[in-house]
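Here are the chains, one letter per residue:
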Amino acid sequence: MTLRDASDTTGSRTPSPRVILFVAGSERNSRMARENLKRICESDLHDKYQVRIVDVLVDVETALSHNVLLTPCLLIQFPEPAIMIVGNLSDAAAVQDALHSDPETSE
Amino acid sequence: MNDFSSGNGIIQAIPKLKTGNTNLDAVLQGGFPKNRLSLISGGAGTGKTLLTLECVYRKALTGESAVFVTFEENAAVLRENAAALGWNLADLEASGRFFIQAVDTPITVIRSGEFDVQGLLAMLDRRLKTVGATWLAIDAIDMLLRIFDQDVLEREQLGLLCNWLGKREVTTLLTVKAMTSGEKVYPYLDFMADCVLHLDQRMDGEVRTRRLRVNKYRGSGFLSNEYPYVIDSRGVRLVPVSCMALNHVALRDRMSSGIQNLDRLLGGGFFKGSTILFSGPSGVGKTLLASTYARAACRQGERVLYISFEESADSLISGGRNAGLELQSLVEKQLLHIMPIMPESMGTEQHLFHILDAIERYSVEHVVLDAISACRRMGAPKAAFDLLLRLVNHCKTQGIACVFTNQALSTGGHHEISGVGLSSLLDTALVMRYVKARDELQRRLLVFKSRGSAHSNRYHELRITDEGIVISDPRPDTAGDHGSNPVKPTEA
């Protein structure tokens, strides 16, 4: 798994991944998702993740603006294209794949 | 499934709310169960969304509040579709009593571990509270469910939703796509809902027919047949449920047939608001008799809808004129409304609504159907009978007279005078035939049946003259006509 090239030609580093984790309060799966995401971020030595956490019980409108009704749910806004991962993120490999998928090279 | 539909004490126990659709209320015997979950299932294009939308729309119109959640369409499209039916959702939304929540479900989703519908519940909670909704519609829940991708999970999550709804004072309509055969069905949903409606469409010959049935109604009775419906410019329309002779207006007053001697044969004319049949072979004078009736009614200042399956308005009017019957002025006075229809142009249900709409639009007191024999060209054989039964039923409850003509295939037996098994619905039946008398073909008329009145039981001579239909004076010695041999008319 290689780091993505920057889309521009400046040769600078790829901007760090930007994600939103939608949780439903401290319900079991939501708790697990927070922990799993933390672990995934920490295990990635190259990138510093921009993580935002939205509690749908508190901020319904933000969840709706992203069409999120199932929780927990991780929305990867960057790298593009945006992708949605539902679940408590117990399958770390699936999350890593999604975070580093490169539409240019992957078939 | 309908363990509770038999007449025990439980039937009264369930509070119901009217659906906003009178005919659906009749099928559900009152409406949807209050503060419970009703499920509306059906294939694509069966009108689930429309039926559901109309219900909550009408509720909001009458001052209640509703939230409409859709997983299939965006709000603008929904508003547009509704506007085409004359439903102004935007106004209701502005009033705060109606809220459309459209949710785009992602096409591709990655699954990683367990998840649930907490977000949905949080959204519903917020919307219901903001709007103060007593009604909730969730359209195409299957679009959300498919993300779980496992029957057992879908079932579990639906259970969660149903439980959550059960704790709230909200009447919920949930639609789900279900195929009649194969593919995805949600059998367990039937167990979770209190009331289950199924919509179905199929091809009947070359005509699309749609049917609604109630699969279940917990704690209540319901009408268990399949009910035809159409989707037209007024939304989902169920045909009126036939409940023969329940609210029918009793026949009392008489009206003239327009022919003096015929009135005498009938013992004083036709009963007002009755169901009348003129039956006979081609060319014997059925249409003229019906036109004479229409003219007589119009002369009393009453309005007549004349449905012609056989000829155009012009040809009907000129046919009348040739026999001294002036119809044009009645049309101009808007007392007579001639509506020519091609029987093949649509299915029987559409025909029925077409006719019912015209009855309402012109607020007529009389409907002439010339000829019912043409109804058999609309589709399945039973369909013609259903159409007439429902029409007669509607007219009887409104005190509207129905006059049918029927082209009898033979002049033979009278066991089936209407050709579509309608005999028992008729109040009066006149049978016409040809007889060979002397050297000419003559017409004869018999009052075959006239409910509730003494009437002649003989054949009487009928002549078509320049001044309309003339029936010979009833004389005791016309009994000899019985000896005449009926002959078959020459068919064109």
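Residues numbered from 1 in each chain as written. Chains lettered and ligands numbered in written order. Predicted model: local features only at pLDDT ≥ 70, side-chain atom pairs only at ≥ 80, totals over all residues. Heavy atoms only, no water.

### Thoughts on the overall build of chain A
Per the secondary structure count, chain A includes 3 helices and 4 strands. In chain A, the succession of helices and strands from N to C terminus is β-α-β-α-β-β-α. Within the span of chain A, comprising 107 residues, buried residues form 46% of the whole. Sequence separation of 24 or more characterises 64% of the internal contacts of chain A that already satisfy a separation of 6 or more. Carbon and sulfur atoms make up 50% of the accessible area of chain A, which amounts to about 5,800 Å² in all. (Helix = DSSP H or I, 4+ residues; strand = E, 2+ residues; numbered from the N terminus. Buried < 20%, exposed > 50% of the residue type's maximum accessible area, 1.4 Å probe, protein only. Contact = heavy atoms within 4.5 Å. Areas by Shrake-Rupley, 256 points an atom, 1.4 Å probe, with all protein chains shown as cover.)

### Observations concerning the nonpolar core
In terms of nonpolar packing, the biggest core is built from 53 residues, with B:Phe71, B:Leu120 and B:Ile141 touching the most fellow members. Ignoring anything within four residues of it in the chain, the contact list for B:Leu120 reads A:Leu69, B:Phe71, B:Ile141, B:Leu144 and B:Leu161. Residues B:Phe32, B:Leu53, B:Val56 and B:Ile100 belong to the second largest nonpolar core, which totals 39 residues. (Core = buried A, V, L, I, M, F, W, Y, C linked by side-chain atoms within 4.5 Å.)

### Examining the pairing of strand β18 (residues 366–370) of chain B
Residues and elements named next belong to chain B. The buried count for β18 comes to 5 of 5 residues, which makes it a mostly enclosed element. Covered by surrounding structure in β18 are His366, Val368 and Asp370 together with Val367 and Leu369, the residues of both alternating faces. As defined by bridge partners, strand β16 (residues 304–308) adjoins β18 across 5 bridges and the pair is classed as parallel. In the sheet register, Val304 faces β18, and the bridge partner there is His366. (Pairing = 2+ DSSP bridges.)

### Looking at the packing of aromatic side chains
Residue and element names in this part refer to chain B. In the structure shown here, the tally under the stated rule is 4 aromatic pairs over all chains. Between Tyr57 and Trp87 the ring centres are 5.4 Å apart and the planes differ by 20°, which places this aromatic pair in the stacked class. Taken as a pair, Tyr57 in helix α2 (residues 48–61) and Trp87 in the loop between α3 (75–84) and α4 (89–95) lie far apart in primary sequence, 30 residues in all. Neither Tyr57 nor Trp87 differs from the other in exposure class; each is buried. (Phe/Tyr/Trp six-rings, centres within 6.5 Å; stacked < 30°, edge-to-face > 60°.)

### Notes on the environment of B:Arg303
Residues and elements named next belong to chain B. Positionally, Arg303 belongs in the loop between α10 (286–299) and β16. Look at Arg303 and you get partly exposed, because its relative accessible area is 28%. Residue contacts for Arg303: discarding those within four places in its chain leaves Gln334, Leu335, Tyr362, Ser363, Val364, Glu365 and His366.

### Section: the interface of chain A and chain B
Listed as interface residues are 27 residues of chain A and, on the opposing side, 25 residues of chain B. Interface of chain A and chain B: buried area, both sides summed, is about 2,100 Å²; carbon and sulfur atoms make up 59% of it. Contact with chain B buries surface across chain A, with A:Leu69, A:Leu70 and A:Val86 losing the most and accounting together for 31% of the total. Linking chain A to chain B there are 2 salt bridges. Across the pair A:Glu61 and B:Arg127 runs a salt bridge, and its minimum N-O distance is 2.9 Å. The tally of links between chain A and chain B comes to 15 residue pairs in polar contact (both at pLDDT 80 or more). (Buried area = accessible area lost by both parts, 1.4 Å probe. Salt bridge = Lys/Arg side-chain N within 4 Å of Asp/Glu carboxyl O. Polar contact = N/O pair within 3.5 Å; in protein donor to acceptor, adjacent residues only side chain to side chain.)

### What to know about the side chain of B:Gln442
All names here are of chain B. With respect to the secondary-structure elements, Gln442 resides in strand β21 (residues 440–450). Taking the relative accessible area as the measure of exposure, Gln442 reaches 4% and is therefore buried. Among the polar contacts made by the side chain of Gln442, one reaches the side chain of Glu440 at a distance of 2.7 Å. Looking at Gln442, its side chain comes within polar contact range of the side chain of Arg444, at 2.8 Å. Dropping the residues within four chain positions of it, Gln442 is found in contact with Arg433, Tyr434, Val435, Ala437 and Glu461.

### Focus on the sheet that holds strand β3 (residues 73–78) of chain A
Sheet strands pair by backbone hydrogen bonding; their relative direction is either parallel or antiparallel. Taken in spatial order, the 5 strands of this open sheet run β2(A)-β1(A)-β3(A)-β4(A)-β6(B), and their pairing is mixed. Two strands bound the open sheet, and with one partner strand each, they are β2 (50–55) of chain A together with β6 (110–111) of chain B. The strands touched by helix α1 (residues 28–43) of chain A are β1 (18–23), β2 and β3 of chain A; relative to β1(A), the strand with the most contacts, the crossing angle is about 160°. (Axes fitted to C-alpha atoms, helices over the stretch in contact; angles between N-to-C directions.)

### Digging into the sheet that holds strand β23 (residues 468–471) of chain B
All names here are of chain B. Ordered by their spatial adjacency, 9 strands build an open sheet running β17-β16-β18-β19-β15-β20-β21-β22-β23, and the pairing between neighbours is mixed. Of all strands in the sheet, those bounded by a partner on one side alone are β17 (336–340) and β23. Ignoring which end each strand starts from, the neighbouring axes of this sheet average 25° apart. Sheet strands touched by α10: β15 (275–280), β16, β17, β18, β19 (401–407), β20 (428–437), β21, β22 (459–465) and β23. Its angle to β16, the strand with the most contacts, is close to 160°.

### Some thoughts on the packing of helix α5 (residues 118–131) of chain B against helix α7 (residues 151–166) of chain B
All names here are of chain B. α7 packs onto α5 with a crossing angle of 25° between their chain directions and a minimal axis gap of 10 Å. As the angle between them shows, α5 and α7 are arranged roughly parallel. Crossing of α5 against α7: the hand is right-handed. On α7, the residues that touch Gln118, Leu120, Leu121, Leu124, Asp125 and Leu128 of α5 are Leu160, Leu161 and Trp164. Of the residues that constitute the contact of α5 with α7, the class distribution is 7 nonpolar, 1 polar and 1 charged. (Parallel < 35°, antiparallel > 145°, perpendicular 65-115°, else oblique. Left-handed = near helix turned anticlockwise from the far one by under 90°. Nonpolar A, V, L, I, M, F, W, Y, C, P; charged D, E, K, R; others polar.)

### A word on α3(B)
Residue and element names in this part refer to chain B. Taken together, the buried positions of α3 are occupied by Ala75, Leu78 and Ala82. Down the axis, α3 shows its buried residues gathered within 60° of arc, on one side only. Opposite the packed face of α3, turned more than 90 degrees from it, sit the exposed residues Glu80 and Ala84. Tucked inside the fold, the buried residues of α3 contact α2, β4 (66–70), α4 and β5 (98–102). Taking the backbone nitrogen of Ala76 as reference, a side-chain oxygen 3.0 Å away marks Asn74 as the first, capping residue of α3. A positive backbone phi angle near 85° is found at Gly86, which sits one or two residues after α3. (Arc of directions from axis to C-beta.)

### Description of the pattern of salt bridges
Residues and elements named next belong to chain B. Evaluated as defined, the whole model comprises 24 salt bridges over all chains. As a salt-bridge pair, Glu72 and Lys177 come within 2.8 Å of each other at their nearest N and O atoms. One end of the pair, Glu72, is in the loop between β4 and α3; the other, Lys177, is in strand β8 (residues 171–177), with 105 residues separating them in the sequence. Note that Arg79 is salt-bridged to Glu93, the shortest N-O span being 2.6 Å. With Arg79 in helix α3 and Glu93 in helix α4, the pair connects residues that are 14 residues apart, well separated along the chain. Where salt bridges share partners, they join Asp232, Arg234, Arg237, Asp357 and Glu360 into one cluster.

All quantities given are derived from atomic positions and should not be read as evidence of function.
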